[in-house]
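Observations on the model geometry
Next come the chains, spelled out residue by residue.
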Amino acid sequence: DYLDRIRSVEGEVGAFITVDEAHALAQAEAIDARIAAGQDAGPLAGVPIAVKDNICTRGLRTTAGSKVLECYVPPFDATAVERLRAAGAVIVGKTNMDEFGMGSSTENSAYKPTRNPWDLARVPGGSSGGSAAAVAAGQAAAALGSDTGGSIRQPAHFCGVVGLKPSYGRVSRYGLVAYASSLDVVGPLAGSVEDAARLLTAMAGHDARDSSSSQEPSVDFAAALQPLDRLPSRPLAGKRVGVIAQTMGAGVSAGVAAAVQGAIKQLEALGAEVEEVSLPSFDAGLPAYYVLALSEASSNLSRYDGIRYGLRSPEESGLKQLYEATRGAGLGAEVKRRILMGTYALSAGYYDAYYQRAQKVRTLVQRDMTSALQRFDFLVSPAAPTPAYKLGEKSSDPLEMYKGDLMTVNLNLAGLPAVVLPCGLAGPDSPGAPGLPVGLQMVGRMFGEAELLAAAHVFE
Ligand code: GLN
């Protein structure tokens, strides 16, 4: 059914870089055989999952949205994929994304843009735009994304689905194509909080192959959700919710502000005590993020040298020429811009002024968030300042695009878990246009996914 759905809508949506029907059907048949033999086929038996194309899949091309990896077929599965397969999931294909995760609209893919299923003239968000669009268009039951500065949460908001950024270290990064390793995390996009919880349960837990993987014991996050038919009348009674003041002011569109205000009223009606909280370091997070993420990226992406992975230019006159020709042809304009800026920030003489200062801001952001979460059980904000915008509207202005990440990047700097869930529609911005989804971002304590998902579930 899902492959049929992909066949019928993929021409319009363009959520996938690779769909391998034979690969998907072989996995499904293996699950069928286990069920026929009376074996346990796992908690996700037969569930069709789409995987962002920067997460390695054995035998299935993994491009990270880049020409430099156009022909790369990994000989191994990322830990997250290995665990999903072990739980019975079927990988239907690899989803489109901004090259190496660098972008907020999926327009930086080296292959094609993806369109938002709610309005095909608009972007699905990014960088996990293909994964969000695939779930919204019914091409997969759920999807994997990666989130370095909002790449799971912002597309979830643009496409009206649930997106979960787990705590840093909760899900192994082994087999995730690195962007900024101290910020990167793998997580689910799904149609409901419960589905996201099921995927997280299957993927979470220590992995010796990722040195930053946490030892935090994994729990059954889905089992921790309250059954909705037996909820008390005020299920969030006793919970304290802080609305991040810096995310509710100027710059937020009227439609997003109205939907989020509505969500805050709903949290109160569910029994939560809601109060505004000011985080003084909040606005400094965005520039600090762009210094740190680009610095790490400039180092991580040095591995695409034409020797070890993927594309190699036929240039034969020398090693330096080979590097230049391979990277010149294989990497896109935004990726080159970021490598240059990151290299600059790390260079002798500028390191103290940029990289080290940004690290200090990171510590302040972490402290502000952690101390707010001592007073509040959750923090909330919009997921992004506006709903989905039109293709091409921001692609020529990188700074304008970076600004849209204001509400999400701080959580990566702090390592905290956050879920984005649909909280209403913003009205059409022109007559006859459709209303567009708005997502509420809920932030939890470090490794507090069980409590966070439980609250999101009753809100949903
Ligand atoms: N849009 C942000 C960036 O371009 C975040 C991307 C991400 O989370 N991968 O860096």
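Rules and cut-offs
Residues numbered from 1 in each chain as written. Predicted model: local features only at pLDDT ≥ 70, side-chain atom pairs only at ≥ 80, totals over all residues. Heavy atoms only, no water. Near = heavy atom within 4 Å. Polar contact = N/O pair within 3.5 Å; in protein donor to acceptor, adjacent residues only side chain to side chain. Areas by Shrake-Rupley, 256 points an atom, 1.4 Å probe, with all protein chains shown as cover. 1 Å grid on protein atoms, 1.4 Å probe; cavity = no way out; pocket = protein on both sides within 12 Å on 5 of 7 lines; lining within 4 Å. Sits in = over half its atoms within 2 Å of the grid points. Nonpolar A, V, L, I, M, F, W, Y, C, P; charged D, E, K, R; others polar. Pairing = 2+ DSSP bridges. Helix = DSSP H or I, 4+ residues; strand = E, 2+ residues; numbered from the N terminus. Axes fitted to C-alpha atoms, helices over the stretch in contact; angles between N-to-C directions. Contact = heavy atoms within 4.5 Å. Parallel < 35°, antiparallel > 145°, perpendicular 65-115°, else oblique. Left-handed = near helix turned anticlockwise from the far one by under 90°. Phe/Tyr/Trp six-rings, centres within 6.5 Å; stacked < 30°, edge-to-face > 60°. Buried < 20%, exposed > 50% of the residue type's maximum accessible area, 1.4 Å probe, protein only. Expected span 1.5 Å × (residues − 1). Arc of directions from axis to C-beta. Core = buried A, V, L, I, M, F, W, Y, C linked by side-chain atoms within 4.5 Å. Salt bridge = Lys/Arg side-chain N within 4 Å of Asp/Glu carboxyl O.

1. Considering the site of the ligand
- The environment of the ligand is formed by 15 residues, the closest being T148, G149, S151, Y179 and Y289.
- Within the backbone of T148, one N or O atom sits 2.8 Å away from an oxygen atom of the ligand.
- Burial of the ligand by the protein chains amounts to 99% of its free accessible area of 290 Å².
- When atom positions are compared with the pocket grids, the ligand is found to occupy the largest cavity.
- For the shell around the ligand, the class distribution of residues is 4 nonpolar, 8 polar and 3 charged.

2. Describing the sheet that holds strand β10 (residues 418-426)
- Read from one edge of the open sheet, 11 strands run β1-β3-β2-β4-β6-β5-β10-β11-β9-β7-β8, paired in mixed fashion. Each of the sheet's edge strands pairs with one partner strand only, and the pair in question is β1 (16-19) and β8 (273-277). When strand polarity is set aside, the average angle formed by the axes of neighbouring strands in this sheet is 30 degrees.
- Where strand β5 (residues 162-165) lies against strand β6 (residues 186-190), 2 bridges are found, and the strand directions are antiparallel. By the bridge assignment for β6, G163 is matched with L189.
- Those strands touched by helix α14 (residues 449-459) are β5, β9 (378-382), β10 and β11 (436-443), and its axis lies near 15 degrees from that of β10.

3. Describing the packing of helix α6 (residues 193-203) against α14
- Where α6 meets α14, the closest approach of the two axes is 9 Å, and the angle between their N-to-C directions is 160 degrees. Classed by the angle they form, the pair α6 and α14 counts as roughly antiparallel. Read as a crossing pair, α6 and α14 show a hand that is left-handed. Two secondary-structure elements touch here, α6 through V193, E194, A197 and L200 and α14 through E449, L453, A456 and H457.
- Across the contact of α6 with α14, the residue classes break down as 5 nonpolar, 1 polar and 2 charged.

4. Looking at the packing of aromatic side chains
- Under the criterion given, the structure shown has 9 aromatic pairs.
- Ring plane angle 50 degrees and centroid distance 5.4 Å describe the contact between F76 and Y174, whose orientation is recorded as tilted. Of the two residues, F76 is situated in the loop between β2 (48-52) and α3 (79-86) and Y174 in the loop between β5 and β6; the sequence distance between them amounts to 98 residues.
- The exposure class assigned to Y174 is partly exposed, which follows from its relative accessible area of 27%.

5. Points about helix α7 (residues 254-269)
- Compared with an ideal rise of 1.5 Å per residue, which puts 16 residues at 22 Å, α7 spans 23 Å between its outermost C-alpha atoms and is within 8% of the ideal.
- For α7, the set of buried residues is V256, A259, V260, A263, I264 and L267. One face of α7 carries all of its buried residues, which in axial projection span an arc of 145 degrees. Facing away from the buried side of α7 by over 90 degrees, the exposed positions are A254, A258, K265 and A269.
- Two residues or fewer after α7 comes G271, characterised by a positive phi angle close to 110 degrees.

6. Some thoughts on the side chain of H157
- Topologically, H157 is positioned in helix α5 (residues 153-159).
- Of the polar contacts made by the side chain of H157, one reaches the backbone oxygen of T386; its length is 2.9 Å.

7. Here's the deal with the nonpolar core
- Grouped together as the largest cluster of nonpolar side chains are 106 residues, with contacts concentrated most on F100, L144, L379 and M442.
- No other element matches helix α8 (residues 285-300), which puts 8 residues into this core.
- Residues contacting F100, with those up to four places away along its chain left out, are A64, S66, V68, L69, V177, Y179, L301, Y304, L331 and V335.
- Grouped together as the second largest cluster of nonpolar side chains are 26 residues, V9, V92, V135 and V420 included.

8. A look at the pattern of salt bridges
- Inspection of every chain in the model, using the stated rule, returns 21 salt bridges.
- Between R122 and D119 there is a salt bridge, with its nearest N and O atoms 2.8 Å apart.
- Relative accessible area serves as the criterion here: at 3%, R122 is assigned to the buried category.
- The partner of E449 in a salt bridge is R170, and the shortest N-O contact between them spans 2.9 Å. A residue pair is termed long-range when its members are at least 10 positions apart, and E449 in helix α14 and R170 in the loop between β5 and β6 qualify at 279 residues. The pair E449 / R170 is uniform in exposure class, with both members buried.
- Each of D4, R7 and E21 takes part in one network of salt bridges that share partners.

9. As for unusual backbone geometry
- Omega for the peptide link from G126 to S127 comes to 10 degrees, which places this bond in the cis form.
- If you trace the backbone, S127 turns up in the loop between β3 (90-95) and α4 (129-136).
- At A64, a position not held by glycine, the phi torsion is positive, near 55 degrees.
- Within the secondary structure, A64 is located in the loop between β2 and α3.
- The class for A64 is buried, based on a relative accessible area of 0%.

10. Considering helix α11 (residues 352-375)
- In this model, α11 (24 residues) spans 34 Å end to end at C-alpha, consistent with the 34 Å of a helix rising 1.5 Å per residue.
- Among the structural elements, β8, α8, α10 (333-346), β9, α13 (409-414) and β11 are those in contact with the buried residues of α11.

Remember, this is a structural readout, not a statement about activity or role.
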